[in-house]
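# Geometric and topological summary
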Amino acid sequence: MSQQRHGSTPGNAGAVPAFPDLPEATIARLPEYLRALHHLAETGADTISSEGLAAAAGVNSAKLRKDLSHLGSYGTRGVGYDVALLVDQIEYILGLDQRRAVCLVGVGNLGHALAGYAGFASRGFRIVALFDADPARVGEQINGLTVRHFDELPRVAAAEALAIGVIATPANAAQAVADGLVAAGVTSILNFAPCVLSVPPGVDVRKVDLAIELQILSFHEHRKASLTALPGGRENAGGQEAVGS
Ligand SMILES: NC(=O)c1ccc[n+]([C@@H]2O[C@H](COP(=O)([O-])OP(=O)(O)OC[C@H]3O[C@@H](n4cnc5c(N)ncnc54)[C@H](O)[C@@H]3O)[C@@H](O)[C@H]2O)c1
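Calculation criteria
Residues numbered from 1 in each chain as written. Predicted model: local features only at pLDDT ≥ 70, side-chain atom pairs only at ≥ 80, totals over all residues. UniProt positions renumbered as here; feature names shortened; annotations may be inferred. Helix = DSSP H or I, 4+ residues; strand = E, 2+ residues; numbered from the N terminus. Domains from an automatic or database assignment. Buried ≥ 20, exposed ≤ 12 C-beta atoms within 10 Å, placed from the backbone. Arc of directions from axis to C-beta. Contact = placed C-beta atoms within 7 Å. Near = placed C-beta within 6 Å. Nonpolar A, V, L, I, M, F, W, Y, C, P; charged D, E, K, R; others polar. Pairing = 2+ DSSP bridges.

In this numbering, the UniProt entry assigns the feature "domain: CoA-binding" (unreviewed entry) to residues 95–196. In residues 95–196, the share of helix is 31% and the share of strand is 28%. The end C-alpha atoms are 26 Å apart.

Spelled out as structure tokens, the structure:
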């Protein structure tokens, strides 16, 4: 997943002086820690060592300790981190205590899958509106929501205080959809369409492209194949997983 960043974050501009100025890579790893912590809490763990949490999140423990120190969380020597407290801290920093309202634009193959995914609600988001431009799709019910025409966005945005817009339209429609979202007051966009969006300062865009992830894996396959052809063979071709490195 990649990010386009435009303008400053209001929280960093003085409105919330105590808000930590976190490195982007740390921000990208916090959701991994949170997912691991929720899983640990479900198994009944009250505390967790930095090594244990790092292993559960798939990162190295020195990096985890550094990340959590940015939140002022150092754990207790010999005990580790308090799981419930750390969940609260990370959820607060990520703003997940507010259960932000999300709308989805483009309810085709991908949009259907996203609209039906229960994981958003359990991870702190409410999908409150679905939009499409195709009259044949308008009126369809998905997961308790009715697909509305995209023209209704301004009215819905005013009523629902939409914070985040998800774009799952074809690439050739995505810029116009982004413009509409921004005009309706949306300041964060998750873009699944394979294109770069132009947005004004103060609007954050993150892009998800599974094909890019596959291309990166393809590179590693290519590299491993070339290393096995070298004297010394596969011992040079170790595996790795990158989590917001
Ligand atoms: N990021 C990824 O990993 C990933 C994976 C699959 C698909 N995609 C992308 O997601 C997008 C959707 O793919 P899909 O297979 O669901 O396509 P699809 O054609 O099934 O669905 C697209 C939907 O967008 C709607 N739409 C078109 N223009 C619109 C507009 N101006 N306003 C509102 N709705 C509009 C269409 O009516 C349709 O319902 C494509 O851009 C595709 O390339 C990305």
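That covers the picture; the talk isn't over yet.
Moving on: the domain arrangement of the protein. When the domains of the protein are assigned, the result is domain 1 (2–96) and domain 2 (99–210). The C-alpha-based centres of domain 1 and domain 2 are spaced at 27 Å.

Attention now moves to helix α2 (residues 50–57). All buried positions along α2 are accounted for by Leu-53, Ala-54 and Ala-57. Looking straight down α2, one finds that the buried residues subtend no more than 100° of arc, so they occupy a single side. In the core, the buried residues of α2 are packed alongside α1 (24–42), β2 (47–48), α3 (61–69) and β3 (81–82). Looking at the residues trailing α2, positive phi occurs at Gly-58, about 75°.

With that settled, consider the site of the ligand. Lining the immediate environment of the ligand, one finds 26 residues, of which Gly-106, Gly-108, Leu-110, Asp-134 and Leu-210 sit closest. Those elements that place two or more of their residues in the shell around the ligand are α5 (109–115), β5 (125–132) and α8 (171–183). Split by residue class, the shell around the ligand holds 17 nonpolar, 5 polar and 4 charged.

What follows concerns the UniProt feature "binding site: NAD(+)" (unreviewed entry) in the protein. Feature annotation in UniProt assigns "binding site: NAD(+)" (unreviewed entry) to the following positions: Gly-106, Val-107, Gly-108, Asn-109, Leu-110 and Gly-111. Here Asn-109 shows up in helix α5. Note on placement: Leu-110 falls in helix α5. Residue classification places Leu-110 among the partly exposed positions, given that 17 C-beta atoms sit within 10 Å. In contact with Leu-110, not counting residues within four places along its chain, are Ala-168 and Phe-192.

For the rest of this paragraph, the subject is the pairing of strand β7 (residues 145–149). Pairing of β5 with β7 involves 3 bridges; the strand directions are parallel. When the sheet's bridge partners are listed, Asp-132 is paired in β7 with His-149. Here strand β6 (residues 141–142) pairs with β7 via 2 bridges, running antiparallel. Bridging across to β7, Ile-142 finds its partner in Leu-145. Counted along the chain from β6 to the antiparallel partner β7, the turn is 2 residues long, and its residue Asn-143 has a positive phi close to 55°.

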